[in-house]
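Topology and contacts: notes
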Amino acid sequence: MFTTFTGSSRKPRQVNLSGRQVNPFAKPGTPSGAQSAVLNAQQARERRQREHDRLHSAKTLQRVWRGYSCRRGLRQQRRQEWDTEEAWNPDSLNVPDIADVPLYASESQVLTQLQRLVDFFDVKDPQDLRRLHRFGSRYVQTVLAEGVTFTGGAWPSVHLRLQGVLLSVIEKWVPTGEDYAAVEFMVEFLAFLSGRLPELTARNAEQLYRTSALLTHILISRDNLQSSPASRILEILIAPLRALNSNTLEAYEEFAFRFLTLKDVTMSPFQPAQLDVLADRINYKLLASAVSAALSSGRSKRYEEMRDNESRLSLLGCFIYFHRHAHRFHNSQAYSSNQDFVTVISRLLASVAEDVDFDDFTSPSEKRDQRVESKIVNSFVQAQILSLVNKESIGSLLWGVSNQEAVPEALPKMNSEAKQLANYALTLLRFFPRKGDDIRMWLYLGSTSSTAHRSEENLPAIKFFWQAARSTTVFGSVSHDTQTAIQLLKSRPSWNGHTDEAYAERLRDDWRVILIFLELYTFVLKLMDDEEFFSASTLRPSARDSGSTWNSHNALPLSEVKELSVFLKNLGFVMYFHAAQIAEKSGTERNAAGLSSFFKVASSDALHLEDLSPPLKPTETTIAGLAGISIDYVKGLITGLLRMIHERDSRRKFLPKDHWLMTSRLDMESFIPDVVAEEENRYKVQEMDDEDVVDEPLLEPGSSDMHLVGTGRDQRLRYLQRLERQQRAVSRTRYLQAVAPRSQVLQNMPFFIPFPTRVQIFREFVKRDQIRRRNGVIDPDTWRLTLGGFRSGESLSKHSATIRRQHEFEDAYQAFYSLKEKLKEPIQITFVDQFGTPEAGIDGGGVTKEFLTSVTSQAFSFIDGLNMFVENEHHLLYPNPDALEEKKVMLLRQGYPENSLEFRQQMTEFLHRYEFLGRVIGKCLYEGILVDINFAGFFLLKWALTGGLGSAPRESGYRANLNDLRDLDEALYQGLIQLKNYPGDVEDFSLNFSVTDTITTDYETGATKNITRELKPGGADIPVTNENRLVYISYMARYRLQIQPAAQTSAFLKGLSTMIHPSWLNMFNQSELQTLIGGSSSSIDVADLRRNTVYGGPYEIGDDGLEHPTVQLFWQVMESFTDEERRAVLKFVTSTPRAPLLGFSSLNPRFSIRDSGDDETRLPSASTCINLLKLPRYSNAATLREKLLYAAFSGAGFDLS
């Protein structure tokens, strides 16, 4: 069919004007018609173009050749004229002696000959080299004889060309070693010219310092530094730096990046002699200004020398050395408020961080020397870098800066100085994590001071950085609008429409000030007791010699702490809840080696570093594009500090009610279902790669851990497989952060959500886990029925045990330790008495509850001659810090050889008991069984602070602080407080950095022995002084709270995490965890208990809906009881005096009452395993009250009569 109808049935004629063959069946052949014409035209055009190109190329070749021939002829003509004037025989091989050459007759003759020479000179021609030698000899003799320097007119340009010729000759001929005498003279001649024409020489600085570096390297490599050329090198180096003109800073820049980057400069024999001469004769301030400007502007990237780590380290070492030399090495203000110094050090340290572990320098072990030798840092550079981290240099950083606290007109200058100092201090903290506490302490003790004698004007470093931080754009914006924080956190931060790079850098400076303040304030809170915290003053300290005054003045006023907490709340919420949005368009930076686990040092300032393929580390998102400051590090810092402030507020309220809640920014109606859905996603993602071992250490190529059996190819393959697994783990973590923002908030900052909501979420997590593990069945009896097949009996037998009275813990350990995570499933318990007779019992969860409460009661008492747990003065439990040492003593007394296989097995099994006890407590939490056990707050903190998923574990994990010592040892706490505030010389106490543990070797006789340990390497030889007492206090708290009980605590928490996922525990602080374990400490709600009570026997409610008269009397009596009496009754029936967190409706089994006869002389009894009260049918309230109170306070226990 045709598309149109014209009235004619004839097919329209088709005309082909393209020249293409349209008949698919036609034979291919030569084109014809229009096609042929087009093809011929194309070929003709191509022929014409080729002819045109050939002619053009011929003309170009002719032109180049004519130019070359002309120039060659002209040079030859000039050469002949020069030879004629000099009466020079070009075939002569004699090198003229400088004393034998004749003088030039006039200045014009010198100028003419020099112009001819630089015109025709060919650096490759040996005859020209001898001509230059002759001219130089006559030139020098003429200048010396006449006592003049040729300047003015054409001389500057000709002299510049002459210097270029000399430098080219040295570059060409020195490496070859040929014509040494002539080359030696060229160096002398160059030194002569440079000394007479320093301003002019500065214009040749680039070539001058490049050539000087080459010459120095060759002379040192040939062990010829004492030669004549070597003696002239320093003159050549210093000459361009002497004159002050427009080229001086450029000369200093070239000197730094061309010459000081030479590794030989930092090694013998150049240093110390020659380096000292340079340090004496250069202007250090100009050097610092030039290097700082080049690094800040990015000009340093054009220097090839700066692409190598060794070169950058050499520059860093020399720069620090010159700085120290300028301040006579011992001046306490050598590092104070020098803006250029701060900039240079910060950027150079960042540029070498990828390949140098600065912490190696601070390690005294033999292994350090081996590692450093394998790196690229020599002893001189190490010494200079280490000089950055000492009390004098860091403590004096703030001297001389603006110290006008809260004066608006002084804030701009103060903020500018604070940004520079923050950058420097933060750099030191990043690159010397092992010295981190020392650096923080020295900063903490430092202050601003315009004069050394006016201490009343001192402003503590904390308040200096706090005033600067709170006045930044970032602080103000985040405090008032959480959404603003998203843009401020991205790799290229923006605010209020400003997107240019200059403004972004200003915002990065804001972040640096904020971060260094947070670092310092976190350190201060660890050492500040509650009295100092709550007695903060806005005044400056009146005297530095009073420790208590200085400590109290480092505390912020409570109103300002509230201001800080608002900023931290908003920032923390955004970082966790909007993590995906922040990382969406953020640049990623390569994670660097050489840092602790909380700092990820990248090297954006490093210049053209070699990329490794495949990448050895997963990329990390940085905060605001700050080189090396990963967003996880900031999360950890924010989380840790916010939790510390929250703990203070929990102990003693100073913030408004509901201050911590962020419910207004969340949809609370769907919050619980959303969190549960996120937890399900987490479980699925975790299941996807269960075979990945993410805890294995990351290996570096060529490390000692790489010597595996097999070829190098096999080793590399296994190494890459491990990296791949770790990268997958990082990817999973980031995925979870993106898809589970509510879970991230709950795990890291749980106080943003109301406690009852979190308890509901916890119980829902447990319920979902039970459904998943039990194939959709939660009820224990129903679950047992669902087990089918030949393995059902085996499975049930593993979950069943016969438990002897008085041996509950040991029998439970032997029966159930091997179950591990399977202890989550229902267990069946049969109690037997001392004669082996099974006890009658009503199961249904009740016997299990009795079993768990019995195990916990026994486990926290004396077992096998040891106390696994001990209690403080307030009867709060924590792992016995001396338990391992006491176990070792016991085993040695029993005849086990130390370090034998049997000895190690016994010690391992002892830790397994801690692990099992953790599982038992986890089982109670999992089943919702309350136990009457009270743990010490610092121990519960270790449950809650597990580092947070994806956050820096050292920051958001548990960190010992002085206040936690109060729960451990009140006497030690008071002693350390006195030491901190002691106004005199603490060396009077003869303390050192060691600690003595008193170990009980025999509980019956009370025999003990002392074990002394060092708090830090060499600590026994380090006295405690006024300067380092804060570090001593920090180390002592860390040892007592973390290091000493580490093995016991880790084993317990390992068992606990087997039953309860750590992220679930992260949702609660220490007091909330205690409530979760033992129930609510609020008053007993009798009405709620009455609504959720189950009755049995005659007490069962009938069709009329009325309660039995005795039951009515019981509730009347309960209403009349005091809260203490109600708790006694509750403990009598349920074994715990506290109500369930979500009310009595969540008590399992339910609170029950049944009758036990009509004998009114009989006491009430209870079956705590099933929360059952057996109440005789009393006829009056007085009798019921008397009998019930007597039974409740008599200590009666489990009864199934």
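Residues numbered from 1 in each chain as written. Predicted model: local features only at pLDDT ≥ 70, side-chain atom pairs only at ≥ 80, totals over all residues. Heavy atoms only, no water.

Observations regarding the overall build of the protein
Along the protein, the regular secondary structure elements total 50 helices and 16 strands. The buried share of the protein, reckoned over its 1201 residues, is 53%. Within the protein, contacts between residues at least 6 apart in sequence are counted, and of these 75% link residues at least 24 apart. In the structure as shown, the protein presents an accessible area of about 53900 Å², 49% of it carried by carbon and sulfur atoms. (Helix = DSSP H or I, 4+ residues; strand = E, 2+ residues; numbered from the N terminus. Buried < 20%, exposed > 50% of the residue type's maximum accessible area, 1.4 Å probe, protein only. Contact = heavy atoms within 4.5 Å. Areas by Shrake-Rupley, 256 points an atom, 1.4 Å probe, with all protein chains shown as cover.)

What to know about the UniProt feature "active site" (unreviewed entry) in the protein
Residues annotated in UniProt with the feature "active site" (unreviewed entry) correspond here to Cys1169. Among the structural elements, Cys1169 can be located in the loop between strand 15 (1165-1167) and strand 16 (1172-1175). With a relative accessible area of 0%, Cys1169 lands in the buried category. (UniProt positions renumbered as here; feature names shortened; annotations may be inferred.)

Focus on the packing of helix 39 (residues 937-944) against helix 46 (residues 1070-1078)
Packing of helix 39 against helix 46 leaves a shortest axis separation of 8 Å and a crossing angle of 90°. In terms of axis orientation, helix 39 runs roughly perpendicular to helix 46. Between helix 39 and helix 46, the contacting residues are Gly937, Leu940, Leu941, Trp943 and Ala944 on the first element and Gln1070, Leu1073, Gln1074 and Ile1077 on the second. Per-class residue counts for the contact of helix 39 with helix 46 are 6 nonpolar, 3 polar and no charged. (Axes fitted to C-alpha atoms, helices over the stretch in contact; angles between N-to-C directions. Parallel < 35°, antiparallel > 145°, perpendicular 65-115°, else oblique. Nonpolar A, V, L, I, M, F, W, Y, C, P; charged D, E, K, R; others polar.)

A short note on a positive patch on the surface
Side chains of Arg45, Arg47, Arg48 and Arg50 sit close together on the surface and give a patch of like positive charge. Tracing the backbone through its elements, the reader meets Arg45 in helix 1 (residues 34-86). Since its relative accessible area comes to 48%, Arg45 is described here as partly exposed. (Patch = residues over 30% accessible without salt bridge, like charges linked within 9 Å, V, L, I, M, F, W, Y side chains within 5 Å. Salt bridge = Lys/Arg side-chain N within 4 Å of Asp/Glu carboxyl O. Lys, Arg positive; Asp, Glu negative; His and termini not counted. Charge placed at Lys NZ, Arg CZ, Asp CG, Glu CD.)

Details of unusual backbone geometry
Here Ser268 and Pro269 are connected by a cis peptide whose omega angle stands at 15°. Structurally, the position occupied by Pro269 is in the loop between helix 9 (248-259) and helix 10 (273-281). The residue Asp658 is not glycine, and still its phi comes out positive at about 65°. Mapped onto the elements, Asp658 comes out in the loop between helix 28 (631-651) and helix 29 (671-688). Even without a glycine there, the phi angle at Asn1171 is positive, about 55°. Tracing the sequence through the fold places Asn1171 in the loop between strand 15 and strand 16. According to the relative accessible area criterion, Asn1171 is buried, its value standing at 0%.

Points about the sheet that holds strand 14 (residues 1151-1155)
Taken in spatial order, the 4 strands line up as 13-14-16-15 in an open sheet, and their pairing is mixed. Each edge of the open sheet carries a strand with a single partner, namely strand 13 (1093-1096) and strand 15. When the angles between neighbouring strand axes are averaged without regard to direction, this sheet yields 25°. When strand 14 meets strand 16, the two strands line up parallel, connected through 4 bridges. Counterpart to Arg1154 in the pairing with strand 16 is Lys1174. (Pairing = 2+ DSSP bridges.)

Some points on the environment of Gln581
Assignment of secondary structure puts Gln581 in helix 27 (residues 579-584). The exposure class of Gln581 is partly exposed, given its relative accessible area of 35%. Dropping the residues within four chain positions of it, Gln581 is found in contact with Ile486 and Lys490.

Regarding the nonpolar core
Counting residues in each nonpolar core, the largest one holds 283 residues, and the members touching the most others are Phe322, Tyr521 and Phe935. Ranked by the residues each element gives to this core, the list is headed by helix 23 (residues 501-527), at 15 residues. Setting aside anything within four residues of it in sequence, one finds Phe322 in contact with Phe255, Leu260, Leu275, Leu278, Ala279, Ile282, Tyr284 and Leu287. Val1117, Phe1121, Val1133 and Leu1173 belong to the second largest nonpolar core, which has 31 residues in total. (Core = buried A, V, L, I, M, F, W, Y, C linked by side-chain atoms within 4.5 Å.)

Looking at the pattern of salt bridges
Enumeration according to the criterion identifies 64 salt bridges in this entry. Salt-bridge contacts for Arg54 lead to Glu51; the nearest nitrogen and oxygen are separated by 2.5 Å. In this pair, Arg54 and Glu51 both sit in helix 1, 3 residues apart, roughly one turn of the helix. Between Arg470 and Glu560 there is a salt bridge; the shortest N-O distance is 3.5 Å. Separated by 90 residues along the polypeptide, Arg470 in helix 20 (residues 461-470) and Glu560 in helix 26 (residues 558-577) bring together distant segments of the chain.

Section: a negative patch on the surface
On the surface, Glu392, Asp985, Glu987, Asp988 and Glu1027 cluster together into a negatively charged patch. Along the chain, Asp988 turns up in the loop between helix 42 (970-981) and strand 11 (994-1002).

Quick look at the packing of helix 49 (residues 1123-1134) against helix 50 (residues 1181-1193)
Where helix 49 contacts helix 50, the axes come no closer than 8 Å and their chain directions differ by 65°. Between helix 49 and helix 50, the angle falls in the class roughly perpendicular. The interaxial crossing formed by helix 49 with helix 50 has left-handed handedness. Of helix 50, the residues touching helix 49 (which contributes Glu1125, Ala1128, Val1129 and Phe1132) are Arg1185, Leu1188, Leu1189, Ala1191, Ala1192 and Phe1193. For the contact of helix 49 with helix 50, the per-class residue count stands at 8 nonpolar, no polar and 2 charged. (Left-handed = near helix turned anticlockwise from the far one by under 90°.)

A short note on the side chain of Asp882
Tracing the sequence through the fold places Asp882 in the loop between strand 10 (877-879) and helix 37 (883-893). With near-sequence residues (within four places) excluded, Asp882 lies in contact with Asp997, Thr998, Ile999, Gln1044 and Gln1048.

A few points about the confidence of the model for the protein
Averaged over all residues, the pLDDT of the protein is 79; the fraction at 70 or higher stands at 79%. When pLDDT is averaged over each element of the protein, helix 9 comes out on top at 93 and strand 3 (residues 588-590) at the bottom at 39. Long-range and interchain partners of residues 364-375, a stretch whose pLDDT sits below 50, account for 11 contacts in this model, where long-range means more than four residues apart. Confidence over residues 450-456 falls short of pLDDT 50; this stretch has 8 contacts with residues more than four positions distant or in other chains. (pLDDT = per-residue confidence, 0-100.)

A look at helix 32 (residues 755-773)
Between its terminal C-alpha atoms helix 32 stretches 27 Å, which fits the 27 Å expected from 19 residues at 1.5 Å a residue. Those residues of helix 32 not exposed but buried are Thr757, Arg758, Val759, Ile761, Phe762, Phe765, Val766, Asp769 and Gln770. One or two residues past the end of helix 32 sits Asn775, with phi positive at roughly 55°. (Expected span 1.5 Å × (residues − 1).)

Things to note about the side chain of Arg79
With respect to the element layout, Arg79 can be found in helix 1. Polar side-chain contacts of Arg79 include one of 3.0 Å to the side chain of Asp128. Setting aside anything within four residues of it in sequence, one finds Arg79 in contact with Phe120, Asp122, Asp128 and Arg131. (Polar contact = N/O pair within 3.5 Å; in protein donor to acceptor, adjacent residues only side chain to side chain.)

Quick word on helix 43 (residues 1029-1043)
Given 3.6 residues to a turn, an α-helix orients residues that are three or four positions apart in the same direction. Burial of helix 43 is extensive: 12 of the 15 residues sit out of reach of the surface. Turning to helix 43, its buried residues number three or more, namely Arg1029, Leu1030, Val1031, Tyr1032, Ile1033, Ser1034, Tyr1035, Met1036, Ala1037, Tyr1039, Arg1040 and Leu1041.

Digging into the packing of aromatic side chains
Taken as a whole and judged by the stated rule, the model has 56 aromatic pairs. On the numbers, 5.4 Å between centres and 75° between planes, the contact of Phe860 with Phe935 is edge-to-face. Within this pair, whereas Phe860 is found in the loop between helix 36 (846-859) and strand 7 (862-863), its partner Phe935 is found in the loop between helix 38 (901-927) and helix 39, the two being separated by 75 residues in sequence. Neither residue differs from the other here; Phe860 and Phe935 are each classed as buried. For the ring pair Tyr878 and Phe938, a centre distance of 5.4 Å and an interplane angle of 55° mean the geometry is tilted. One end of the pair, Tyr878, is in strand 10; the other, Phe938, is in helix 39, and 60 residues separate them in sequence. Exposure class is identical for Tyr878 and Phe938. Each is buried. Here a set of aromatic residues connected by ring pairs shows up, and it is made of Phe860, Phe869, Phe910, Tyr914, Phe935, Phe939, Trp943 and Phe1052. Sitting above the plane of the Phe534 ring, Arg652 keeps its charged end 4.2 Å from the centroid. (Phe/Tyr/Trp six-rings, centres within 6.5 Å; stacked < 30°, edge-to-face > 60°. Lys NZ or Arg CZ within 6 Å of the ring centre and 35° of its normal.)

Observations concerning the environment of Leu114
Along the chain, Leu114 turns up in helix 2 (residues 107-120). Look at Leu114 and you get buried, because its relative accessible area is 0%. In this structure the C-alpha to C-alpha distance between Leu114 and His159, which are 45 residues apart in sequence, comes to 8.6 Å. With sequence-adjacent residues up to four places away left out, Leu114 is seen in contact with Phe135, Trp155, Val158, His159 and Leu162.

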